Structure formats: C-alpha cells, structure tokens
Amino acid sequence: EIVIERYFLRTDANAETREGNALALVCDAGQYVSTATNIVDANANDPASTGTRYGGSGQILMKRVDYFRVLLGVENTTGDKRYIGIREYRALPATAPKPRIVSVSLGILARSTQAVGEDTVINPDQTFNVLDRTVRVHADGNPTGYVRQVITQEIALRNGLGARDQ
C-alpha cells in the first residue's frame, strides 16, 4: 500500500473575528494499493473502496501559521546538491532522469494566538525570511500586533542517500 500525506494551510473555523487571516497547518492523508488507481480512505472498512475522506479539510497540526514552504533537496547524477521548490521539480523535463530527492526542508512562519498590542517594537511592515522566500505578512491580510517566529526543519531521506543502482 502507498500512503499519501498532504500538508497545506487552511482557514481555522474556530478563529476569533479579530484574528483576521487565521490559518492553520493541516494534514490530509489517504492510501492506495500500488496496483490501484483510486485513493482509499485509511479508516474505511473496505480498503478496496474509493476513499471519501482524502481530499477533505484535513486535521489541524499547528494553529496560526501565516506561511508554509517546502523545498526538496535534490542530487543529480554527478553528486551536485541543491534545493528547489516542488513546482520547479515537477516542471523538470521528463526526457532526462529527474534528480533524486535526498532531503526535504520545511519552513513555517508562525504567529502568537493572541495579540500583544500595537507596540512600536512590532513593525507592522516586517518581513521574514522563510527558506528561499521573503514574506511580508501584512500584504496577505494578516493582522498586526502579533509576535511571529520562523521555524525551519531539515529532514534527510535516508533511503534516498544510497547509490542509484541499488
């Protein structure tokens, strides 16, 4: 069976009205048998049935995430490594072998759940560096007066580090 997990931001239905753009990082998961074409619900009684929960709103992992970014650490046949976005990786030509994905880098811009006030210490036009992007949060309708923090994590894919012919 193949397990699929997708991570994305969505509006939190339990947000207070003064919070503005109250996003949450969520996960939606499903599975399918490698020979099948349908994604099935991992909680279904009949694992051969078409899934109904995958593709839904997902479960909240972290509240008040203003920005979420994923980069793939890739390695080409000569051993050169670099980070690229998922869309960039998918856009690589299919005529040549795509570089191997050996790591994943996650970046989150999180904010406090409650405002700390309109203090002059908190710049309302502040920018944050999240992996390879510069993010200006208030351009996206996010409220002012909240403390924000960038969180990054690098994950090595151990099964992606071996030789190509193995």
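Within every chain, residues take consecutive numbers counted from 1 along the sequence as written. Totals for whole chains, interfaces and linings use every residue, but because this is a predicted model, local features are given only for residues with pLDDT of at least 70 and side-chain atom pairs only at 80 or more, for both listing and counting. With hydrogens and water excluded, all non-hydrogen atoms of the structure serve as input to the side-chain values.

With respect to the overall build of the protein
To be explicit about the condition: Runs of E in the DSSP output that reach at least two residues are strands. Runs of H or I that reach at least four are helices, and both are numbered from the N terminus. Summary of the burial criterion: residues with accessible area below 20% of their type's maximum are buried, those above 50% are exposed, and those between are partly exposed, where the area comes from a 1.4 Å probe applied to protein chains only. In what follows, residue pairs with any heavy atoms lying within 4.5 Å of each other are defined as contacts. Method for areas: the Shrake-Rupley scheme with a 1.4 Å probe, in which residue coverage is limited to the protein chains shown.
Counting its regular elements, the protein contains one helix and nine strands. In the protein, the succession of helices and strands from N to C terminus is β-β-β-β-β-α-β-β-β-β. Considering the protein as a whole, with its 166 residues, one finds that 33% of them fall into the buried category. Looking at the protein alone, contacts between residues at least 24 apart form 66% of all its contacts between residues at least 6 apart. Total accessible area on the protein stands at roughly 10700 Å², and carbon and sulfur atoms take up 49% of it.

Regarding the sheet that holds strand β3 (residues 59-63)
Selection rule: At least two DSSP bridges between two strands are required for those strands to pair. Interaxial angle, 0 to 180 degrees, is taken between N-to-C directions of lines fitted to C-alpha atoms, where a helix line uses only the stretch in contact.
If you trace the three strands from one edge of the open sheet to the other, you get β1-β2-β3, paired in antiparallel fashion. If you trace the sheet from one side to the other, it starts and ends with β1 (2-11) and β3, each paired once. The mean angle between the axes of side-by-side strands here comes to 25 degrees, regardless of whether they run parallel or antiparallel. Here strand β2 (residues 23-32) pairs with β3 via four bridges, running antiparallel.

Some remarks on the nonpolar core
Selection rule: In this text, buried Ala, Val, Leu, Ile, Met, Phe, Trp, Tyr and Cys residues form a nonpolar core when linked through side-chain atoms within 4.5 Å.
Formed by Leu 25, Val 65, Phe 68, Val 70, Leu 72, Val 74, Ile 84, Tyr 89, Val 104, Ile 108 and Ala 110, the largest nonpolar core amounts to 11 residues. Listed by contribution, the elements that provide at least two residues to this core are β4 (65-75) and β6 (100-111). Considering every element that reaches this core, the biggest residue donor is β4, with five residues. Apart from the residues within four sequence positions on either side, Ile 84 is in contact with Leu 71, Leu 72, Val 74, Tyr 89 and Leu 92. Counting residues in each nonpolar core, the second largest holds six residues, with Tyr 67, Phe 128, Val 130 and Val 137 among its members.

Concerning the packing of aromatic side chains
Each aromatic ring pair is characterised by the separation of its centres together with the angle its planes make. We apply this condition: Side-chain rings of Phe, Tyr and Trp (the six-membered ring for Trp) are treated as a pair once their centres are within 6.5 Å; stacked means planes under 30 degrees apart, edge-to-face means over 60, and tilted covers the remaining angles. Working rule: Lys NZ or Arg CZ, within 6 Å of ring centre, within 35 degrees of ring normal, means a charge sits over the ring.
Under the criterion given, the structure shown has zero aromatic pairs. For the cation-ring pair, Arg 111 lies above Tyr 146, with the distance from its terminal atom to the ring centre recorded as 4.3 Å.

Observations regarding the sheet that holds strand β5 (residues 81-85)
Strands sit in the order β5-β4-β6-β9 across an open sheet of four strands; the sheet is antiparallel. If you trace the sheet from one side to the other, it starts and ends with β5 and β9 (148-156), each paired once. Each neighbouring strand pair of the sheet contributes to a mean axis angle of 25 degrees, computed without reference to strand direction. Bridge count between β6 and β9: nine bridges; the pairing is antiparallel. Across the sheet, Leu 106 pairs through a bridge with Gln 153, a residue of β9.

What to know about unusual backbone geometry
Even without being glycine, Arg 64 reaches a positive phi, approximately 55 degrees. Along the chain, Arg 64 falls in the loop between β3 and β4. Judged by relative accessible area, which is 3%, Arg 64 ranks as buried. Phi angles above zero are rare outside glycine, and Leu 131 is one such case at about 55 degrees. Here Leu 131 is to be found in the loop between β7 (127-130) and β8 (133-136).

Some details on the pairing of β5
The pairing of β4 with β5 spans five bridges and is antiparallel. In the strand pairing of β5, Glu 75 is matched with Lys 81. With antiparallel pairing between neighbouring strands as the criterion, β4 and β5 make up a hairpin whose turn holds five residues, including Gly 79 at a positive phi of roughly 90 degrees.

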